[in-house]
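# Breakdown of the fold
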Amino acid sequence: MKQQRLLIIAIVLLPFIALAADNKQAKKANWNKIISKLPDYQFTGQSKQLPLDYSYDALNPVIDSKTMEIHYSKHHAAYTKNLNDATASADIKSKPLLQLFSEMSKYPAAVRNNGGGFYNHVLFWKLMAPKSKTGKPGEKFQNAINQTFGSMDQFKTSFSDAAKKQFGSGWAWLSVDGDGKLFVSSTPNQDNPLMSITEKRGIPVLLIDVWEHAYYLQYQNRRPEYVDAFWDIINWDEVTRRYEEALNALKTM
Ligand code: MN
């Protein structure tokens, strides 16, 4: 009797299970489409470091020139080389990097770690600027911040908390989700919100590197000081541009 009852329950539930699986599939397909609309889709598994828009000492005193030099010319250079090696050996070097992110679990850990390492730093360099060139948040972006977080200060607290509390190496992010809403998150290692393996997916518009290599020479163990100082060197024009770019990618869905 018990077995019979279980069988009936299973038969009744089957269509719902199938439907849930279908929905999951549809959602995944949607992200594939969204990322294909992003200009960063141009990066492939054979990528090059872009030149910095400023000199190593330009972000002083928030980030010292030695940290910038080592971070760009050693750490980022290594991620870039290792990404190219990893995609060559997996025979996926011509695939768009964002597409690899979107089907991340299919590829070796070296593609995930170095793909994130390459791409996250490309964003990071672009989203910082010397104090005199930081611009200001655009009106539409500012309104979205107010709507989501209450105010710019509340957003800053939320983002800073995510950066300070990320355990070990990683990043904190402000991203746009599939519905066009802003949200704050953090990721371990070199993961990012575009990757299919992250808890909540989104298009990044701002990020901060909280690996020790990003601040240790200057701040040692005082990560919170580095995070609080970071607000002085954010390229708000670029944040705003990326926010609008994200909305445009979603609009064409
Ligand atoms: Mn880094």
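All figures in this text were calculated on a predicted structure; none of them were measured in a lab.

### What about the overall build of the chain?
A tally of regular secondary structure across the chain gives nine helices and three strands. N-terminal to C-terminal, the α/β element order of the chain is α-α-α-α-α-α-β-β-β-α-α-α. Per-residue burial over the chain gives 47% buried out of 253 residues. The long-range share in the chain, meaning contacts at least 24 apart out of those at least 6 apart in sequence, stands at 71%. Looking at the chain as shown, the accessible area adds up to about 13,000 Å², and 53% of this sits on carbon and sulfur atoms.

### Comments concerning helix 9 (residues 236–251)
Taking 1.5 Å per residue as the helical rise, helix 9 with its 16 residues ought to reach 22 Å, and the 22 Å between its terminal C-alpha atoms agrees with that figure. Looking at helix 9, one finds that the buried residues are Trp236, Glu238, Val239, Thr240, Arg242, Tyr243, Glu245, Ala246, Leu247, Ala249 and Leu250.

### Describing the sheet that holds strand 3 (residues 203–209)
What the three strands build is an open sheet, ordered 2-1-3; its pairing is antiparallel. Strands at the two margins of the open sheet, each flanked by one partner only, are strand 2 (182–188) and strand 3. Neighbour to neighbour, the strand axes of the sheet diverge by 25° on average, direction disregarded. In terms of strand pairing, strand 1 (residues 170–176) meets strand 3 through six bridges, oriented antiparallel. Note that in strand 3 the partner of Trp171 across the bridge is Asp209.

### Focus: the nonpolar core
Phe155, Leu174, Leu182, Leu206, Ile208 and Tyr226 are the most contacted members of the largest nonpolar core, which totals 73 residues. Aside from chain neighbours lying at most four places away, what touches Tyr226 is Ile63, Phe124, Ile208, Asp209, Val210, Ala214, Tyr215 and Tyr219.

### With respect to the coordination of the manganese ion
The manganese ion binds to the protein through His71 (NE2), His121 (NE2), Asp209 (OD) and His213 (NE2); the donor distances cover 2.0 to 2.1 Å. Positions of the donor residues of the manganese ion, expressed as sequence spacing, correspond to H-x49-H-x87-D-x3-H. A single burial state applies to Asp209 and to His213, both of which are buried.

### Observations concerning the environment of His121
Position of His121 among the secondary structure elements: in helix 4 (residues 109–126). Among the residues examined, His121 registers a relative accessible area of 0% and is labelled buried. Residues in contact with His121, not counting those within four places in the same chain, are His71, His76, Tyr79, Gly116, Trp171, Gln190, Asp209 and His213. At 3.1 Å, the side chain of His121 and the side chain of Asp209 are in polar contact.

### Thoughts on empty space enclosed by the protein
Following the criterion strictly, the structure yields one cavity of 30 Å³ or more and no others. Put simply, the largest cavity is a space of about 60 Å³. Lining the largest cavity, in full, are Leu50, Pro51, Leu52, Asp53, Tyr54, Val122, Trp125 and Lys126.

### Comments concerning the pairing of strand 1
Summarising burial for strand 1: seven of the seven residues are buried, a large majority. Residue alternation in strand 1 divides its side chains into two sets, Gly170, Ala172, Leu174 and Val176 and Trp171, Trp173 and Ser175, and both sets are buried.

### A few points about the pattern of salt bridges
A side chain of one charge can pair with a side chain of the opposite charge if their charged atoms are brought near each other. With the rule as written, the count across this model stands at twelve salt bridges. Note that Lys95 is salt-bridged to Glu103, the shortest N-O span being 3.3 Å. Residue class for Lys95 comes out partly exposed when judged on its relative accessible area of 26%. Lys131 is the salt-bridge partner of Asp232, the closest N and O atoms lying 3.7 Å from each other. With a gap of 101 residues between them, Asp232 in the loop between helix 8 (223–230) and helix 9 and Lys131 in the loop between helix 4 and helix 5 (139–149) connect regions that are remote in the sequence. Overall, Asp232 belongs to the partly exposed group, its relative accessible area being 40%. The network of salt bridges with shared partners includes Lys95, Glu103 and Lys106.

### Some remarks on the confidence of the model for the chain
On average, the chain scores 92 in pLDDT, and the residues at 70 or more come to 88%. Low pLDDT, under 50, characterises residues 25–29; the stretch is placed with one contact to residues that sit more than four places away or in other chains.

What counts, and at which threshold
In this numbering scheme, every chain counts its residues from 1 along its sequence in written order. With the structure being a predicted model, the display of local features is reserved for residues of pLDDT at least 70 and the display and counting of side-chain atom pairs for 80 or more, all residues being used for whole-chain, interface and lining totals. No hydrogens and no water enter the side-chain calculation; it runs on all heavy atoms of the structure. By definition, any uninterrupted DSSP run of H or I lasting at least four residues is a helix, any uninterrupted run of E lasting at least two residues is a strand, and each is numbered from the N terminus. Exposure classes here rest on a 1.4 Å probe applied to the protein chains alone. A residue is buried below 20% of its type maximum, exposed above 50%, and partly exposed in between. For this analysis, residues touch if any pair of their heavy atoms sits within 4.5 Å. In these tables, accessible area is a Shrake-Rupley quantity obtained with a 1.4 Å probe, and a residue counts as shielded only by the protein chains included in the view. For a helix, the expected span equals 1.5 Å multiplied by the number of residues minus one. In this description, strands pair whenever DSSP reports at least two bridges between them. Note on geometry: axes are lines fitted to C-alpha atoms, helical ones only across the stretch in contact, with angles between N-to-C directions running from 0 to 180 degrees. The criterion is simple. A nonpolar core is a set of buried Ala, Val, Leu, Ile, Met, Phe, Trp, Tyr and Cys residues joined through side-chain atoms within 4.5 Å. Because no water is among the atoms considered, metal sites can look incomplete, with donors defined as N, O and S atoms within 2.8 Å of the metal, or 3.2 Å for Na, K and Ca. Polar contacts here mean pairs of N or O atoms no more than 3.5 Å apart (in protein, one a potential hydrogen donor and the other a potential acceptor; neighbouring residues in sequence count only if both atoms are side-chain atoms). Only protein atoms enter the 1 Å grid used here. Points where a 1.4 Å probe fits but cannot escape make up a cavity, open sets with protein on both sides within 12 Å along at least five of seven lines make up a pocket, and a residue lines them when an atom lies within 4 Å of a point. Grid points are joined across faces, edges and corners, and a volume is the space filled by probe spheres set on the points. Salt bridges are identified by distance alone: a Lys or Arg side-chain nitrogen within 4 Å of an Asp or Glu carboxyl oxygen. The pLDDT score gives, residue by residue, the confidence of the prediction method on a 0 to 100 scale.

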